[in-house]
Every structure is written in C-alpha cells, then in structure tokens.
Amino acid sequence: MADTRTTKPGIKRLLITITTLLPFFFGIPLWLNSTQVYRAPLPFKDVDALGSWASENTLLLPCRLNVIFASKDEFLTKPELDSVASQLILHVQSLMGGNSSDHETCQNGFNIQVKYDTENVCLTSGQTLDSPTWPCGLVKYGFFNSAQLSDDILDNVLWNYANKEENESTVQDEGGLYTVVVLRKSQIESLDSFSKDDVSTGGCTNEQSSICKSKTGWSTVVGKYRHAWIIGDFNSSTVESEVVPRIGDVALTFLRGSRSASGRSKARNLPLSAEGEAILSFSLLNADPDTWIFDWDFEELKRQFFQPVVEALSGIARLTIESQVLYYTPKAVQSRWDASLNAHVVAVKQLPFFVNSNEWHLDTSSAAAGRSKLLHFAIYVPGGGEYPLHFLRKNDQLSSTDGFTSPGWGGVVVYNPTNLSTISSDSHSSFHRITPKEFESIAGVIVAQLRTLFGLPPILSDDPETGYFSLSPARTGFAEWELDLLLRRRAISDMTAAASTLMSLSRLVQKLSSMVIMDEIGEQVKNSLSAAAAARDHAAHGAYRSTAESASKAASLAEAAFFQPSIMSVLYNPTEHHLAIYTPFFVPVLLHAVLAVIKEASRYRGEWKKFKQKKE
C-alpha cells in the first residue's frame, strides 16, 4: 500500500520551492543593469568610412606651376607657346608618372600654366590654375636690370614683384603655387655692365651671380621663396630641348627637395609628438672644467639664431627651446692623436658610441613628460688633453662641421675654441663666455642638423658643373617652398595617424563591452572626424595652412580619445574579473536553491506516479 496513493499530490509545496528562484530570475537582470558601465554612443560608421578612405587614398594638396617666358622682344608665337606648354606638361608627367609614389604629396603631380611676357604681348597657354598667378609686366618692372646683379637681389626683386600692391591677391596664397621665370642670357649680356665678352672670355667677375659661376652657360636658380629662374641661350627652335628639361628639374625640386627623378628625402615622419610639438634642448658640455669652462648667454643666442627658425616652422610644428650647461661630461669613445693632421681624431665608425649616456644628463626637461618629443642638441667642448678634437671621415679627411645627427634623437657638434689666447692658463680653470660671433658657425651646423631631422638635405648645395643653384635663407634656414614640402608631409602623416587611431579605438570599444565611454571621448571622436573632413575639404581647395591645421587637430583629438584615462583603467578590469568577484556571493545560495527545486520536483514526480498507479 506504500507504493500507491489515493489522493492527488498537492502542488503548493513545489510552488513554494520554485518561488525561491524568482529573486534570482528577476534580480540578476536588474543587478546586471545596475553594474553596466556608461558608454556614450560613438559614430562607428563614420569611423569605418574614414578608415576605408585612408586605406585607399592619401590627403594630397594641389601643386601649381606657373612658367613665365620673359623677353624684351617677341621670339615665340601662340602656336609655339602652345607646343612648349604641351611638351612641358608631358615631360613633367613622365618624370613623376612612372611610380605612384612619385606624386608624393601633390594631387596628380603639377598643374602647369605657361605665360609669354614681353613689353607688348601677354599670352597664356597650358592648364588653368585655380589660384592667382603673377601677371604680365616683368619686363616693364625692370626685371632685366636686376638679373645682372647678385642672386639674392634678383630673388628679392621677384618677391617684391609678386607682392606689390596691385598684385596683392597673390600674397594671400598659402603655398603650392610656384613660379619659374625663363629668360635669354643674350638680353642680359646686352647690358653695358655685363657684356657678352665678359662671359665668353671667362671675365664675368660678379661671384654673387650664378650666371658667372656656372660652367655650362646656363643658370638655374631655386630661390628662397616660391619661385625660380632660368637663364640660358635658346631660341624658339631649341626651347623645347633646352628649357623644358630644366623646368622639369625645378618642378621635381619643388615637389621633393631634389631635382633627381629618383631622389627624395630619406625621412618621411617628422620628429614631432602627436600634437605636433617638440622641445629643442640645447646642452653645452664642458668635458674637462679643470682645463677651461665655457658658458653662454643663451637668451641672446636664441633670439639671434634660433627664434627665426622656430617662427619659420610655426605652421608645421610648435617648437619650444630649453638650454643648460653641464660639467664633467666626457665622451664615451677614446680619441687618438694624428700627427699628420695635428689633431685628436674620432673615426666616423665610432660616432654611434660617442654619446655618453651615463655622464650626459640631457633628459632634464619636465615639459618632456608624457607624449612630448624631445630633440637634443649637444655642443661638446673638449678638454685641453684632447684639443683640438675633430671627426675623421672615411676618406681620412677631417669633417668640415665636426658634427653628426642621430635620427629621432638630435645632434652633436664639437666646438674647438679658436681664441685660446684670450683664455688665461693659470693653475685655476679659466672661464670664457661664447659670443654670438663665435657661436655663428655652431648655429649653422645645428640648423643643418635640424633640417636633416626634418627630412631635408643639410644644406641647399650648388652645382656649377651643371648650372644648378639654390638659395638658402640665412635667418631661418628653410626656404618657403621647403616649408610647403614639410607641410604637405605633415598633413599626410596627421591624416593617416588620425584614421588609424580612430579605427583602433573603434575596434577596441566594440571588443570590450565593459569599457567606459565617457561623453568627453564621444565628443573628441566626433570633433576628430569633423576636423578630418575639414582637412579633406581644405585640401581640395588648395588651402595649405588650413589643411595642416585641421589634419593636426584630427590627429591630436584622436590620440586624446584613445589615451583617455577612463579607457586605460578598463584594461585591468575585464569581465572575468567581475565573475571572480561576484561568484562567491551568488553561487552558494543559488546552488542550494536549485538543488532544493530539483529535489522537490523529483519528489512530486514520484508522488504523481503513485497516484496514477492507484487510479489504474
């Protein structure tokens, strides 16, 4: 009789047991909702669209070339000018069209316009440029009267013509418009003070004029601003064979900093932080103060030599300058005495080990903390036991600069004082303050090192053998067309960095569901996308400075969003961490409740079977 049941088993006891699970079924979702982190909405689709665009495109700014054939008489007809323009366009395209990277930083290479400027005729051919160009009138402006003078004077005359009051619209151009003036040497030689016999007999004595220094009879000069000029013997039948190749070389120079079709600057990434900043740290190192001590009035040296450089680069980088004087700073390599050179020398192969990291305490800038970029410039003053100290080149010749550059770190230059007669040699250390005149040569080396760090050649060299010359600004060290080149590279780098950083942030946010996304991050991402869109719009209109500013803003905001402190903290608080914390509180109670329900359900099922057997 114990295996049967006459009454139907009650369900009340089972329901009571099941109700013990209800707090868990309703409480766990509420608990999960209460423990969810705040996640501001991010425009993932817009970020993906920017990433897709950046993977297939590059932020390119337009480059425009305005060629002016200036002549006192008329030697070209309109059909001949059209032919020259067509040949020039094809030639420049052939120089840059073999490799897509040859376009480097310009949209489709160059847009080229050719003008023919005489006293009575003004003709235009080639492509239409979307910005104001130099108007005709060079001949009437007295250009030929200046062409016989020094290159610096001629360069300034052209700049004054481009910026005179009636041509004020050209002043507003922020970059990317380059002008090449072409004229025949015979028209310059006709001047009384510069006769034809002077050149033919080698009697041209104006050493400041490239036409006198050239050994080819041709002079191609790239100026300090955004223009160049070509002087040579040609006529309407030889202009395409003689002049067009030289204009192509000038175009390559404006594009890459090199007139070689295969040449380009080595460095592509500027040594700057994500915000476009860098600290220039100057250190005067007294290797042996027991011999002599050198000091400086750096504020005066900064004002005279480095502040113009900082101002010239202001559109590309925000540079700040610091200085210090250190003592007892020996180098890390040993020099040797060379009797034939009458100097202590350090071989070039030893230069990578020259910097003594243990004794040269250069990283003293509090402003360099975080993501700031620090560039060191060390001026090393050797002690009396190794004076004079020079670097020995591979050809066993002494270095002309006694300096070297370390990419991404900075540069070192050795200062061998030449005025030892003014320094006393008593038993105590003698003291000497470096004057601006003495520092001038050192400053020139440092500016050349800074150019190298920014991816440009140390100096703009002349080549009399081929007739190519360049003018370098004495105060700033950077020509305006070089600043355009750096600005284009900076815009490309910032735009690529912004897209890459935003894509990385997007993937990280979508992968980590427990990541806190503050409203500040959302705003930074949206503003970065807006700045990137503005940079693309400015680039399409050829606004160089605006493009660079917007691209820099996009990269900076993207970096700030990615390295936001609230994001970094979640990397150490994953989902597994939550489970490890809350499991000991909930599992024991939940386990007993589940076992009770299972046990009661099993009992109820058994009682129900007994009832059914009795009924049958």
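Nothing here was measured: the structure is a model prediction, and the numbers come from that model.

**Regarding the overall build of the chain**
No. 1: Per the secondary structure count, the chain includes 19 helices and 17 strands.
No. 2: By residue count, 48% of the 616 residues in the chain fall in the buried class.
No. 3: Of the contacts formed within the chain by residues at least 6 apart in sequence, a portion of 78% connects residues at least 24 apart.
No. 4: Of the roughly 30300 Å² that the chain leaves accessible, carbon and sulfur atoms contribute 53%.

**Focus: the packing of helix α3 (residues 44-56) against helix α16 (residues 519-540)**
No. 1: Between α3 and α16, whose axes approach to 11 Å, the crossing angle comes to 40°. Crossing of α3 over α16 shows left-handed handedness. Between α3 and α16, the contacting residues are D46, V47, L50 and W53 on the first element and V525, L529, A532 and R536 on the second.
No. 2: Of the residues belonging to the contact of α3 with α16, the class tally is six nonpolar, no polar and two charged.

**Some points on the sheet that holds strand β10 (residues 336-338)**
No. 1: Spatially, three strands are ordered β10-β11-β13 in an open sheet, and the strand pairing comes out mixed. Looking along the sheet, the strands with just one partner apiece sit at the ends: β10 and β13 (389-392). The mean angle between the axes of side-by-side strands here comes to 50°, regardless of whether they run parallel or antiparallel.
No. 2: With three bridges connecting them, β10 and strand β11 (residues 343-347) associate as antiparallel partners. Within β11, the position partnered with D338 by the bridge is A343.

**Some points on a nonpolar patch on the surface**
No. 1: Together, V587, L591, V594, L595 and I598 give the surface a local cluster of nonpolar side chains, amounting to about 420 Å² of exposed area.
No. 2: The topology assignment puts L595 in helix α19 (residues 575-615).

**As for the sheet that holds strand β12 (residues 374-381)**
No. 1: If you walk across this open sheet you meet the five strands as β9-β7-β12-β15-β14, and the pairing is mixed. Edge positions in the open sheet fall to β9 (318-327) and β14 (403-406), since each of these has one partner strand only. Going from strand to strand, the sheet's axes swing by 15° on average, the running direction of each strand aside.
No. 2: With five bridges connecting them, β12 and strand β15 (residues 410-414) associate as parallel partners.

**Remarks on the state of the cysteines**
No. 1: Considering all chains together, one arrives at one disulfide under this definition.
No. 2: Residue pairing for C122: its cysteine sulfur links by disulfide to C136, the two sulfurs lying 1.9 Å apart. Taking the sign of the S-S torsion, 65° for the link of C122 and C136, the bridge is right-handed. Separated by 14 residues along the polypeptide, C122 in strand β3 (residues 122-126) and C136 in the loop between β3 and α5 (138-141) bring together distant segments of the chain.

**Let's talk about the UniProt feature "transmembrane region" (unreviewed entry) in the chain**
No. 1: According to UniProt, the feature "transmembrane region" (unreviewed entry) maps to residues 14-32 and 579-598 in the numbering used here.
No. 2: Within the segment residues 579-598, helix and strand shares are 100% and 0% respectively, and the terminal C-alpha atoms sit 25 Å apart.

**Looking at the packing of helix α15 (residues 480-511) against helix α17 (residues 544-562)**
No. 1: At a closest axis distance of 8 Å, the pairing of α15 and α17 adopts a crossing angle of 30°. By the angle between their directions, the pair α15 and α17 is classed as roughly parallel. Of the two possible hands of crossing, α15 and α17 adopt the one that is left-handed.
No. 2: Broken down by class, the residue content of the contact of α15 with α17 amounts to 15 nonpolar, four polar and six charged.

**Some details on unusual backbone geometry**
No. 1: The omega torsion across Y387 and P388 is -5°, close enough to zero to call that bond cis.
No. 2: Non-glycine residue Y328 carries a positive phi angle of around 55°.
No. 3: Classification of Y328 by relative accessible area gives partly exposed; the value is 47%.
No. 4: For D396, which is not glycine, the phi torsion reads 65° and is therefore positive.
No. 5: Relative to the helices and strands, D396 is located in the loop between β13 and β14.
No. 6: On the basis of relative accessibility, which here comes to 53%, the residue D396 falls in the exposed class.

**Brief notes about the confidence of the model for the chain**
No. 1: Across the chain, pLDDT averages 82, with 84% of residues at or above 70.
No. 2: Put simply, helix α9 (residues 196-200) is where the chain has its lowest mean pLDDT, 43, and β15 is where it has its highest, 95.
No. 3: Across residues 168-173, where pLDDT falls below 50, the model places eight contacts with residues more than four positions away in sequence or in other chains.
No. 4: Counted against residues more than four places away or in other chains, residues 191-203, with its pLDDT under 50, gives 20 contacts.

**Notes on empty space enclosed by the protein**
No. 1: For the structure shown, the criterion picks out four cavities of 30 Å³ or more.
No. 2: Lining the largest cavity, in full, are L280, F282, F306, V309, V310, F377, I446, V447 and L450.
No. 3: Of the residues in the lining of the largest cavity, the class split is nine nonpolar, no polar and no charged.

**Some details on the side chain of H227**
No. 1: Along the chain, the position of H227 falls in strand β6 (residues 227-232).
No. 2: Reaching out from H227, the side chain makes a polar contact with the side chain of D155 at a distance of 2.6 Å.
No. 3: Once residues lying within four places of it in the same chain are set aside, the contact partners of H227 are W134, D155, L158, W159, T179, V222 and F254.

**Looking at the pattern of salt bridges**
Side-chain pairs of opposite charge can arise whenever the charged atoms involved come near each other.
No. 1: On inspection of all chains with the given rule, the structure shows 16 salt bridges.
No. 2: Between E277 and R318 there is a salt bridge whose closest N-O contact spans 3.4 Å. Of the two residues, E277 sits in strand β7 (residues 277-286) while R318 sits in strand β9, which places them 41 residues apart along the sequence.
No. 3: Between R433 and D295 there is a salt bridge, and its shortest N-O distance comes to 3.3 Å. Of this pair, R433 sits in strand β16 (residues 430-434) while D295 is found in strand β8 (residues 292-296), placing the two residues 138 residues apart along the sequence.
No. 4: Residue classification places D295 among the buried positions, given a relative accessible area of 16%.
No. 5: Overlapping salt bridges bring together D152, D155 and K224 as one network.

**Considering the environment of D73**
No. 1: By secondary structure assignment, the location of D73 is in the loop between β1 (61-70) and α4 (78-96).
No. 2: In this structure the C-alpha to C-alpha distance between D73 and D117, which are 44 residues apart in sequence, comes to 9.4 Å.
No. 3: With residues near it in sequence (within four places) discarded, D73 still touches Y116, T118, R184 and Q187.

Basis of the calculations
- Residues numbered from 1 in each chain as written.
- Predicted model: local features only at pLDDT ≥ 70, side-chain atom pairs only at ≥ 80, totals over all residues.
- Heavy atoms only, no water.
- Helix = DSSP H or I, 4+ residues; strand = E, 2+ residues; numbered from the N terminus.
- Buried < 20%, exposed > 50% of the residue type's maximum accessible area, 1.4 Å probe, protein only.
- Contact = heavy atoms within 4.5 Å.
- Areas by Shrake-Rupley, 256 points an atom, 1.4 Å probe, with all protein chains shown as cover.
- Axes fitted to C-alpha atoms, helices over the stretch in contact; angles between N-to-C directions.
- Left-handed = near helix turned anticlockwise from the far one by under 90°.
- Nonpolar A, V, L, I, M, F, W, Y, C, P; charged D, E, K, R; others polar.
- Pairing = 2+ DSSP bridges.
- Patch = residues over 30% accessible without salt bridge, like charges linked within 9 Å, V, L, I, M, F, W, Y side chains within 5 Å.
- Salt bridge = Lys/Arg side-chain N within 4 Å of Asp/Glu carboxyl O.
- Disulfide = S-S within 2.5 Å.
- UniProt positions renumbered as here; feature names shortened; annotations may be inferred.
- Parallel < 35°, antiparallel > 145°, perpendicular 65-115°, else oblique.
- pLDDT = per-residue confidence, 0-100.
- 1 Å grid on protein atoms, 1.4 Å probe; cavity = no way out; pocket = protein on both sides within 12 Å on 5 of 7 lines; lining within 4 Å.
- Points joined across faces, edges and corners; volume = space filled by probe spheres on them.
- Polar contact = N/O pair within 3.5 Å; in protein donor to acceptor, adjacent residues only side chain to side chain.

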